[in-house]
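A look at the structure
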Amino acid sequence: MAAVMWRSRWRNYDAELKSARLEATSLEFSDSHPLKPILVTDTKARRGTRKGSTSSSSSSSSLAAPDPLSCMLDGTDPLSMFAAETPSTLHVPFAGDARKKEDEPVGADFEPWSIKRGEILARFTTTEKLSINLCMGSEMGNSQNPGSSAVSEKVRTRLEELDDLEEGSQRELLNLSQQEYAHRIEELNQSLKEAWASDQKVKALKIVIQCSKLLSDTSVIQFYPSKFVLITDILDTFGQLVYDRIWSMCTDPRPLPDSFTVDDVNDTAKETCLNWFFKIASIRELLPRLYVEASILKCSRFLNKSGIQETLPRLTAMIRGIGDPLVAVYTRAYLCRVGMEVAPSLKDSLKRNFFDLLGTFRQISGESVRSQLLTQRVEMPEYLTLYSPAINWILQCSAYRAPETLLTEMMERCKKLGNNALLLNSVMRAFRPEFVATRAMDFIGMIKDCDEAGFPKHLLFGSLGRCLACADPPESERLTILNEAWKVITKVRSPRDYVNCAEIWVEFTCRNFTKREVNTVLADIIKHMTPDRAFEDAYAQLQSVIRKILAHFHDFSVLFSMERFLPFLDMFQKDGVRVEVCRSIMDVFIKHQLEPTRDPVILNAVMHICKTMHDSVNALTLEDEKRSLSVLIIGFMRVVSFGRDFEQQLSFCVEARATFCNLEPVLVHLIHTVNQLAMETRRVMRGNHSRKTAAFVRACAAYSFITIPSLGSIFSRLHLYLLSGQVALGNQCLSQADAFLKAAVSILPEVPRSISVEGKLRSSESFLLDFINNFLATLLVVPDHPEYGVLYLVRGVLNMVQDYTWEDNSDAKVRAYACAIPLLAAMSQETYLYTIPKMDSNETLYGGDPKFLSEINKMCETLIGQILDHLKSLGREEQQSTRRQSTLAFSLFCVLLAHGDLRNNKLSQLAINLWNLSHKHGYCETRISVRTLEYMKHQAKQADMSHLSDMVQRLALQSRT
C-alpha cells in the first residue's frame, strides 16, 4: 500500500473548460435542412407496387426525406383504403341501430327518465308489508306446443288462454318487504324475457297484463311512485320485444331504411302488428288495456302514417275513466313518456294530456281520497308529494322547448284553479328558468295566494329559488324578490325545511348582491340552526351553502371580512365534515389567490382554517391524508409575503412551525422558506452584510438548526442539514455552517439499511452514496476549523464510512472511498474549481503548504490501499464476484486517469494493472473502453500530457471469453 506514492495531477480548470466547449460552426441552409417542411406526394399512382420500388409518376425529389408513416403503410393511407371499399363491404346496421337513428327523441337539455327513475326509487320508500296479487291463468305455467298442425286449433287454444287471464285462479304473495317486492318484480321481468325467447307469446302477454293490474292497487300509497317505476320497466321490456319482433319481419331481404314508411312494411309484418293490437283491445279492464297499448305505441308506425297521431288523443281521453286521481296521473305520465320517445313533435297531444290533468285536482279534495288517507293514516301534505314526480314529468314533456306563451297560458289556468300549490310548483320546475325569472314577481304573488294547508309555501319558494339561481330576474326587482322570499323562509319553524329552502336562496343572494346581504343570510341561518344543535342534521345543506359562497366570492379579503363567516364554520363540529369544509375552502383559496398577500384578515382566517385541518391529524391518520393536507397548507404559505419585511416573514415561519408541528412536509417547506429568506437577504445586501442583516441570517440558521431534528425522515434531515450548511456558508456564517455539517456527519450512522419507497422496501445504499457525493462536493469550499485539525470533516465522513454497517457482498464502502479521491485531488490545487464569494477556502488558508499537500497524499494512498485490498478479496471469492471486481477496477482506473499524476511510474503502473484487471474476465464494456482510449489519445496531444502516449500503447482491449 505504501508503494502507491499518490500525487495529484495539476489542473488548469480555465483551460480545460475552454477546450471542452463546442466549437462554433457556421450553418448553411440547404435543401436538406432538418427543419425544412417535408414534401408529401400523392401515393395513389404507386398503390399496389412492391415495397421499396420506384415509380415514374412520383413527383417527389430524391432529396426529400421519406415519410415514415407512408413507408410503414406501403404507400396506402388507411382512411383512403376505407373510402375505397365497396358498399358491400361496409357495416350494415342492424335493427337496433336504425331504431336509434329513427326518431331522435330529445336533445341533451332534456332530463331523461333514467335520472328521474333513480330519484323516485330512492325517495319513495316504505317499511310496510307489500303484496303481489296475480290472476294466474290455468295454463300460466304450461308451455305452448308450437308444432300444432291445425291453425284453427292453435287460434282456439290461444283465445281460451286469453279468456283465462281474467277467469283463472288467484295467486297472492303477501307480507313482502320493499326489497322482496322489487326482487319479485324483477323475476317477473326475467320470466317475460324467457317466455318470449321460448316463443310463448301468450304467456308473455299474460305477465304484462297482470303486472299492469298491480298499478290499480294503492293499499300502500306511499310506495306507489316506486311501484310505478318497477312495473313500467316490465312494460318497456314488452314494448321493445314486440317492436323488435315486427322489425325483424321487415328486414328480409334488406333492412328497412331509417325513416321507413308504411309502404316499406310487408303484409306479414302488418298482419302481425295488427294482431297484437287486436289482442290488447280484447283486454276487458281499462287500466291494463291502456298501459299495454301504450307500451307498444311505437308499433303503430308499421300500420299507417297517422297511427301515433290518432292513438295518442284516444288514449289520453280513455284515462278520464280512471277513478283514482293518483293512478290516473301516473298513467298520464307513462303516456307522456312513451309519447316523448316515439313522437316528441306531437306537442298538441302532450298539452291536451296536461289540460286533462287539471281536472284531476278537483278529485284530490274529494271524499273518496280523504277516506283513503284516513284509513292509511297519511296526511294531505305527504299525499300531495306523491303526485310530484308524475306532474313534474308531464309538465317537463309539455314545456320542453315550448314558447313563452305556453307558460303564460298555464299560469292563467293555475289562477283559475285557485293557485293550486302542487301544480304551481311543477310549472316552475318545468319551464326554462329564463321564462320564470322574468315573471318572478308574478309567481311570488301567486304563491302568496296559495293555500298552505296541503303544500307549504317554502317549497314553492324553493322551486322559484332554483330558477333564479340559473337566470337573473330584472335588476330593479331583485331586492324586492329577496325580501319577499326571506320573509317566508325565516318563518319556517322546522330547521330541516328551513335549511333546505335557505340553501337554495343563498345562490341567488351570492349572484346578485354584496357581502352585506350574504352576511345577513348567514346570520339568519346561524340563528335558526344553532338551537338544539339542529346543524348536526343539516351538514350536507350547510356544506352546499359554503360551496355556493366560495363559487362567487374569490376576493378573500371580502370573504373573511364577513362577520358571520367564521362563526358559520363553527357549526361544523363533526371532525370529518369540519375538515372536509376546510379543505374545500383551501382548494378555492389556492386556486384563486394568485397574488402574494400580507392582509392580516386573510392570514388570521386561513391560519385558523389550516390549524383546524392540522389538528385533525392523529396516530390513525393515513399518510395520503397527511400528504394532501400538507399540500393545502403549503399552498397557503406560498402566497404569504411580507415584502422586504424579512423579520416579519421569519416571525410568521416561527408561528407556523408551532402550529403545524405534526405535518413533516410543512416543516420541510418552512425550512426551505427560511433558507430562501436568508439567501434573499444576501442578494439584497449584495453579499456585504451589516450587523443587523448578519444577525438576521444567523437567526435563520438557528431556526433551521432547531427545526431539522424534529423531522422523522433521516434523508430529509441529511439533505436539509447539508442545504442549510450551504446557505450558512453563502452568508459567511462559518460557525453555523460547521454545526450543520457536523450534525449531518453525526447522524449518518443512523441511516437504516433499507427504506420505504412508494410502499416498497429498497436498499438505502444508493441514496446514501448520492448524499455522500453531494456532501464531499460541498467540503471543497469549507475551510478547516483552527481547533480540529486538517481536513477534520473529510476524516469524519471517511470514519463514518469505515464504521457503517454496509450490506453483505456490497461494494458501497469502497465506492464511497473512490468518491473522496477526486475531492482530495481538487483540494491540492493552487486554485479551486469553485469558491464562495467573500469567503476564504483552504486554498487561501494553506496556500499550497507542503504539509497540507502531504496530508492529502497520505489520505489518498490510504483510500487507494483500501480499495486495492477489497479488489484482492473479490479475486479470492466466488465466480460471480469477478464482474464486481472488473467494474470497481475500471472505476478506480478512471479516477487515477482524471486526478492522478501518471508521470509517476508507480502510479502509472497501478493504472495499467487496474486496466488489465478490469478486462481480465471480459466483463468490461468494449464501447466504453474504446472511448476511454480515444480520450487518452486526445489528451496526449497536450504538451504536459504526452506521457499518456506511452501508456496508451500498453493498454490492450481484451475480447470477451
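Note that this is a predicted model, so its numbers are computed, not measured.

Calculation rules
Residues numbered from 1 in each chain as written. Predicted model: local features only at pLDDT ≥ 70, side-chain atom pairs only at ≥ 80, totals over all residues. Heavy atoms only, no water. Helix = DSSP H or I, 4+ residues; strand = E, 2+ residues; numbered from the N terminus. Buried < 20%, exposed > 50% of the residue type's maximum accessible area, 1.4 Å probe, protein only. Areas by Shrake-Rupley, 256 points an atom, 1.4 Å probe, with all protein chains shown as cover. Phe/Tyr/Trp six-rings, centres within 6.5 Å; stacked < 30°, edge-to-face > 60°. Lys NZ or Arg CZ within 6 Å of the ring centre and 35° of its normal. Axes fitted to C-alpha atoms, helices over the stretch in contact; angles between N-to-C directions. Parallel < 35°, antiparallel > 145°, perpendicular 65-115°, else oblique. Left-handed = near helix turned anticlockwise from the far one by under 90°. Contact = heavy atoms within 4.5 Å. Nonpolar A, V, L, I, M, F, W, Y, C, P; charged D, E, K, R; others polar. Core = buried A, V, L, I, M, F, W, Y, C linked by side-chain atoms within 4.5 Å. Salt bridge = Lys/Arg side-chain N within 4 Å of Asp/Glu carboxyl O. Pairing = 2+ DSSP bridges. Expected span 1.5 Å × (residues − 1). Arc of directions from axis to C-beta. pLDDT = per-residue confidence, 0-100.

Considering the overall build of the protein chain
Assigned secondary structure in the protein chain consists of 46 helices and four strands. Here the protein chain holds 961 residues, and 48% of them are scored as buried. Per element, the accessible surface of the protein chain, about 49000 Å² overall, is 51% carbon and sulfur.

Side note on the packing of aromatic side chains
Scanning all chains against the criterion turns up 37 aromatic pairs. A ring pair is formed by Tyr 383 and Tyr 387, whose centres lie 5.1 Å apart and whose planes are at 85 degrees; its orientation type is edge-to-face. For Tyr 383, a relative accessible area of 0% gives the class buried. Residue Tyr 387 is classed as buried on the basis of its relative accessible area of 1%. Taken together, the ring pairs connect Phe 110, Trp 113, Tyr 224, Phe 228, Tyr 330, Trp 393 and Tyr 400 into an aromatic cluster. When the ring centre of Trp 276 is taken as origin, the NZ or CZ atom of Lys 279, which lies over that ring, is 4.5 Å away. One Lys or Arg, Lys 298, reaches over the ring of Tyr 243 and ends 4.8 Å from the middle of that ring.

A closer look at the packing of helix α18 (residues 388-399) against helix α20 (residues 421-430)
Between α18 and α20, whose axes approach to 9 Å, the crossing angle comes to 45 degrees. Comparing the axis directions of α18 and α20 gives the class oblique. Crossing hand, α18 versus α20: right-handed. For the pair α18 and α20, contact is made by Ser 388, Ile 391, Asn 392, Leu 395, Gln 396 and Ala 399 and by Leu 422, Leu 423, Ser 426, Val 427, Arg 429 and Ala 430, respectively. Looking at the contact of α18 with α20, its residues break down into seven nonpolar, four polar and one charged.

Looking at the environment of Gly 462
With respect to the secondary-structure elements, Gly 462 resides in helix α23 (residues 457-470). The class of Gly 462 is buried, set by a relative accessible area of 3%. As a C-alpha pair, Gly 462 and Ile 504 span 42 residues in sequence and 6.3 Å in three-dimensional space. With near-sequence residues (within four places) excluded, Gly 462 lies in contact with Cys 501, Ile 504 and Trp 505.

Points about the nonpolar core
If you look at the biggest cluster of nonpolar residues, it comprises 304 residues, and the most contacted ones within it are Phe 302, Trp 505, Ile 525, Phe 636 and Leu 779. With 13 residues, the single largest contributor to this core is helix α9 (residues 224-249).

Digging into the pattern of salt bridges
Enumeration over the complete set of coordinates arrives at 30 salt bridges. Glu 434 is paired through a salt bridge with Arg 432; the nearest N and O atoms lie 3.6 Å apart. On the basis of relative accessibility, which here comes to 46%, the residue Arg 432 falls in the partly exposed class. The partner of Arg 583 in a salt bridge is Glu 625, with the nearest N and O atoms 3.3 Å apart. Pair noted here: Arg 583 is in helix α30 (residues 575-592) and Glu 625 is in helix α32 (residues 623-638), with a separation of 42 residues, a long-range link. The exposure class assigned to Arg 583 is partly exposed, which follows from its relative accessible area of 23%.

Describing the pairing of strand β3 (residues 754-757)
Judged from the four bridges that link them, β3 and strand β4 (residues 760-763) form a sheet pairing that is antiparallel. Pairing of Val 757 across the sheet is with Lys 760, part of β4. Linking two consecutive strands that pair antiparallel, namely β3 and β4, is a turn of two residues; a positive phi of about 55 degrees is found at Glu 758 within it.

What to know about helix α7 (residues 178-197)
With 20 residues, α7 should reach 28 Å at 1.5 Å per residue; the first-to-last C-alpha distance of 29 Å fits that figure. All of the buried residues in α7 are Tyr 181, Ile 185, Leu 188, Asn 189, Leu 192, Ala 195 and Trp 196. Buried positions in α7, seen along its axis, are confined to an arc of 130 degrees and lie on one side of it. Within α7, the exposed residues directed more than 90 degrees away from the buried face are Gln 179 and Ala 197. Looking one or two residues past α7, Asp 199 carries a phi angle of roughly 65 degrees, positive in sign.

Regarding the side chain of Asp 738
Positionally, Asp 738 belongs in helix α37 (residues 734-747). By relative accessible area, which is 10% here, Asp 738 ends up buried. Look past the residues within four positions of Asp 738 in its chain and what remains in contact with it is His 785, Tyr 788, Tyr 792 and Leu 793.

Some remarks on helix α45 (residues 926-940)
One full turn of an α-helix is made of 3.6 residues, so residues set three or four places apart face in the same direction. Spanning 15 residues, α45 covers 21 Å between terminal C-alpha atoms, matching the ideal 21 Å at 1.5 Å per step. Inspection of α45 places Ser 929, Thr 932, Leu 933, Met 936, Gln 939 and Ala 940 among the buried residues, and these make up the whole buried set. Buried residues of α45, seen end-on, are gathered within an arc of 125 degrees and therefore sit on one face of the element. Summarising the geometry of α45, the exposed residues directed more than 90 degrees from the buried face are Arg 927, Arg 931, Glu 934 and His 938. In this structure, the buried side of α45 is in contact with α43 (881-899), α44 (905-919) and α46 (947-953).

Examining the confidence of the model for the protein chain
The predicted model of the protein chain averages 84 in pLDDT, with 84% of residues at 70 or higher. Long-range and interchain partners of residues 68-75, a stretch whose pLDDT sits below 50, account for eight contacts in this model, where long-range means more than four residues apart. Confidence drops under a pLDDT of 50 for residues 165-170, and excluding neighbours within four residues, the segment shows 21 contacts in the predicted structure.

Remarks on the packing of helix α5 (residues 113-123) against α9
Viewed as axis vectors pointing N to C, α5 and α9 meet at an angle of 135 degrees, and their least axial separation amounts to 8 Å. For the element pair α5 / α9, the angle class is oblique. Considering the relative orientation of α5 and α9, their crossing is left-handed. Mapping the contact onto sequence places Trp 113, Arg 117, Ile 120 and Leu 121 in α5 and Pro 225, Ser 226, Phe 228, Val 229, Leu 230 and Asp 233 in α9. Looking at side-chain class alone, the contact of α5 with α9 contains seven nonpolar, one polar and two charged residues.

Considerations on the environment of Leu 833
In this structure, Leu 833 sits in the loop between α40 (812-827) and α41 (842-846). Spatially, the C-alpha atoms of Leu 833 and Val 781 are 9.4 Å apart, while their sequence positions differ by 52 residues. What Leu 833 contacts, discounting residues up to four positions off in sequence, is Tyr 13 and Leu 780.

What to know about the environment of Ala 440
The topology assignment puts Ala 440 in helix α22 (residues 440-448). On the accessibility criterion, Ala 440 (0% relative accessible area) is buried. Excluding residues within four positions of it along the chain, Ala 440 makes contact with Leu 464, Leu 468, Pro 473 and Ile 481.

Brief notes about the side chain of Ser 828
As for its placement among the helices and strands, Ser 828 is situated in the loop between α40 and α41. Residues contacting Ser 828, with those up to four places away along its chain left out, are Ser 8, Leu 853 and Ile 856.

As for unusual backbone geometry
Its identity as a non-glycine residue notwithstanding, Arg 377 has a phi of 60 degrees, on the positive side. Residue Arg 377 is classed as exposed on the basis of its relative accessible area of 77%. Although it is not a glycine, Arg 686 adopts a positive phi angle of roughly 55 degrees. By secondary structure assignment, the location of Arg 686 is in the loop between α34 (664-685) and α35 (691-707).

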